[in-house]
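Residue-level structural notes
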Amino acid sequence: MARWCYRHRLVVLLLWVGALVGVGFSASSAGTNYANVFSLPDTDSKTAYDLMEKAFPNTSGDTDTVVWKADSGSVTDQAVEDRVRPALDKIAKLPGVGAVTSPYAGARGSAQISKDGTIAYAQLTFTKRANEIPKEQVQKVLDTAQAAERDGLQVELGGQAIQRVQEPPQGLSEMVGIIAAAVVLFLAFGSFFAMTLPIAIAVFGVGMGLFSTQLLSHVTDIPDIAPLLASLIGLGVGIDYALFIVTRHRRGILRGMDPEESAVTALNTSGRAVLFAGGTVCIALAGMLVTRLRFLDGVVIGTSLTVVLSVLAATTLLPALLGFLGPRVLSRRQRRRLAAEGPEPDRASGLAARWSANVQKRPRRIAALAVVVMAVLAIPVLSLRLGATDQGNDDASTTTRKAYDLLAEGFGPGFNGPLQVVSVGGDTAKLVQGLKSTPGVAQVAELPPSQGVTVVQVVPTTSPQSKETDDLIDTLRDQVIPKAGAEAHVGGVTAVSKDFASVTGDRLPLFIATIITLGFLLLLVAFRSLVVPLTAAVMNLIAAAASFGVLVAVFQWGWGLDLLGLGKEGPINAFLPVIMLSLLFGLSMDYQVFLVSRMHEEWVHTKDNARAVRVGLAETSRVINSAALIMVCVFLAFVLSGDSGAAMAGVGLAAAVALDAFILRTALVPAAMHLLGNSNWWLPAWLDKRLPHLAVEPQESPPAPERPAGPAGPAGPATAIHGFVRTPDGDPVEEASVTLMSKSGRQLDRVTSLADGSYIVSVPEPGSYLLAVTSSSYGSKARHVTVAEGPVVYDVELTGDEVDAVS
């Protein structure tokens, strides 16, 4: 497939461009129909909503608020009333509006005016939930209300429906993330053309994913945060996956391969790893389905679809683009050096090799330091409180945030999250009296009953985000209502948020157990080891604890929150742990596979654990750290989205990826593997026989059949490589391990050099191979060797001062 895409690059590019334009046009024509469906069966708030919907079909929808403030005088002044009252009357006649409760409607309305008389509000009750109301209807309400503004009279609107039409500008965070990723890629590659490749793949993958998700919102329930999360994860994995493949391709060209062969080899090796990695991310995302929360189903659809399309772009569009660039994927300096000096040696050097050697020398010290850092960062997670952010976290320029602040100023913070106690039996008068005498209740208003259902609106003294409001809901349900002998249920947006957080918290252990078990089984099959997947599972839990600790410190404790411009501190969004753990699991699996697969390859060839860990870390740490740095930039850019949920996810995922890549995979995992020694690769024989074989690397072609005996000589291999292993001084190196491998790393033959340094390895058929030579005294070296029809003489000189890479 890679070769076909490379050779038919114009066709592939046109197909992708046509698909992107076609899907984009269809999505733009259809518009959006995102819906936040919090389906919480068997919860108290859901029962309250169902009763209200039955008894008050025109007023069971969400209640939004119009708030106005007179800079001078009072809101009861005739000039103010003459502007606001007609607007409220007009709003009451708009489609989708069930009722309008005005402060100018009799004695009851006086409760809707602040004590100082400068602020008043009217309640708008829609006929449906906020997510079910067309945005056009809500926009008409917003425009009609704000038309009443004049100098000295401020009019703002708040509520769930209004918030839907006050979405922040889209695209800023994505653009900043792409620019930051481009800078990192240019520094890593030193080539403008190479830099553009991962960016192009991410743009195509995310663009197709977002347009497709937008179309799917018309046929299934997809929450409005799904596109933000899909673009967040899509940009990260799209750029990263292309980075892995382009890095392998550039390395092949630098080592003398033809551009087409290098691209095919890169897709047939790193491309397969990308398929495996993308599959693990999608499986991790699908793990959210075990929570049985309908809100997350749409998130799974949007994010998984974007990841699949990003992988598809990396494995089809990328080889086509590599075909257009040819050798220009290298920088000018690299092309000049390649032409002047020939192929580069196959070795890892520089900072990565030195760090890898340092980890091998001091594994206990490095492991202890990494554990201490992660433990300190995880401390705040002990005070994690799940809940829901409210409009106090909206951007300060939005009308919802201004309305929130005006209500808190005039009537107290509890007005921004009233509770609805829905009674269907018992002594309602006693219930109302009990509610009024409950600590933490600011106001109680009983609405006229309908069909045997009475709704009592309870305004807390504290904000919807506060723990005191959560405690008040528990008090009403567990003490006040039973004591009054009433059959009643507590509903409202704040109660729904609390119940959602409780249900999520209850199902979180099952979810964590599911994804950890899944990761363990995948790594068990891939690496034929019990210790490696067990280590990975522990590392995932450590990374999750530390990243949630950072999240709690920033968003719940408020450390540095002012710098982010996201309002005051509050609880962590209830859905965030599930989403973050899914993404963290998938991304950490990516890094674990790229790191440990190289170690496993070296272990298979040499059976030397110390060398396997050292070489694996030296070769993969740079690309893993570059990929992680790109993801951190992309994720942090979502702080600029203006959406508190997306910003919270961005900060949490940036912290998780940074800690996972820079501390766990670069320090703690290799240090632990050095300490565990050969037990890293232990697997009982009986289990090995029963496990299926899952190979990330491609299978080798079967060896050529042996030549028949005859005049040409006895049966034997197709050909051979032979020569001497010597030191720079010409001394023979005895008992050096000489391994012949295919281009993808499969061991074909292995011998030990004789006393005079000579060796000979069997070659199955003509082709290109890797020859790796290892000596405990003189170090290691690996080289590409091309074999034609006859034997090849190849002498190896071991210098003892380098760590060589086996590609």
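Note that the structure is a prediction, hence the values are computed from the model and not measured.

Turning our eyes to something else, we now look at the packing of helix H4 (residues 78-92) against helix H5 (residues 135-146). Contact geometry for H4 and H5: axes closest at 9 Å, N-to-C directions at 165°. By the angle between their axes, H4 is roughly antiparallel relative to H5. Judged by the sense of rotation from one axis to the other, the crossing of H4 with H5 is right-handed. Taking contact as the criterion, the partners of Ala87, Lys90 and Ile91 in H4 are, on H5, Val141, Thr144 and Ala145. Of the residues that constitute the contact of H4 with H5, the class distribution is four nonpolar, one polar and one charged.

In this structure, Gln451 is a non-glycine residue whose phi angle is positive, near 55°. Overall, Gln451 belongs to the exposed group, its relative accessible area being 61%. A positive phi angle, close to 50°, is found at Arg528, a residue other than glycine. Positionally, Arg528 belongs in the loop between helix H18 (493-527) and helix H19 (531-556).

The next subject is the packing of aromatic side chains. Overall, the coordinates contain six aromatic pairs when judged by the stated rule. Measuring from ring centre to ring centre gives 6.0 Å for Trp68 and Tyr104, while their planes differ by 35°; the resulting arrangement is tilted. Taken as a pair, Trp68 in strand E1 (residues 63-70) and Tyr104 in the loop between strand E2 (97-101) and strand E3 (119-126) lie far apart in primary sequence, 36 residues in all. Looking at Arg328, its charged tip hangs above the ring of Phe193, at a distance of 5.5 Å from the centre.

Enumeration according to the criterion identifies 15 salt bridges in this entry. Where Asp44 meets Arg477, a salt bridge forms, and the shortest distance between an N and an O atom there is 2.9 Å. Taken as a pair, Asp44 in helix H3 (residues 44-55) and Arg477 in helix H17 (residues 467-484) lie far apart in primary sequence, 433 residues in all. Residue Asp44 is classed as partly exposed on the basis of its relative accessible area of 21%.

Considering soluble globular proteins, one finds that nonpolar side chains tend to be buried as a cluster. By size, the foremost hydrophobic cluster in this structure holds 157 residues, and its most contacted members are Tyr241, Met288, Tyr591 and Phe635. A total of 19 residues in this core trace back to one element, the largest contributor, which is helix H23 (residues 644-676). Not counting the four nearest positions on each side in its chain, Tyr591 is found in contact with Asp240, Phe244, Ile624, Ala627, Ala628, Met631, Val657, Asp660, Ala661 and Arg665. Of all hydrophobic cores here, the second largest spans 27 residues; its members include Ile91, Val97, Leu124 and Ala161.

Take the sheet that holds strand E10 (residues 487-491) next. What the four strands build is an open sheet, ordered E8-E9-E7-E10; its pairing is antiparallel. Looking at strand neighbours, the two that pair on one side only are strand E8 (441-446) and E10, the edges of this open sheet. On average, adjacent strands in this sheet sit at an angle of 20° to one another, irrespective of strand direction. Against the sheet, H3 makes contact with strand E7 (419-425), strand E9 (454-460) and E10, and its axis sits at roughly 105° relative to E10, the strand it touches most. Sheet strands in contact with H17 are E7, E8, E9 and E10, and its direction is about 175° off that of E10.

Thresholds applied
- Residues numbered from 1 in each chain as written.
- Predicted model: local features only at pLDDT ≥ 70, side-chain atom pairs only at ≥ 80, totals over all residues.
- Heavy atoms only, no water.
- Axes fitted to C-alpha atoms, helices over the stretch in contact; angles between N-to-C directions.
- Helix = DSSP H or I, 4+ residues; strand = E, 2+ residues; numbered from the N terminus.
- Parallel < 35°, antiparallel > 145°, perpendicular 65-115°, else oblique.
- Left-handed = near helix turned anticlockwise from the far one by under 90°.
- Contact = heavy atoms within 4.5 Å.
- Nonpolar A, V, L, I, M, F, W, Y, C, P; charged D, E, K, R; others polar.
- Buried < 20%, exposed > 50% of the residue type's maximum accessible area, 1.4 Å probe, protein only.
- Phe/Tyr/Trp six-rings, centres within 6.5 Å; stacked < 30°, edge-to-face > 60°.
- Lys NZ or Arg CZ within 6 Å of the ring centre and 35° of its normal.
- Salt bridge = Lys/Arg side-chain N within 4 Å of Asp/Glu carboxyl O.
- Core = buried A, V, L, I, M, F, W, Y, C linked by side-chain atoms within 4.5 Å.
- Pairing = 2+ DSSP bridges.

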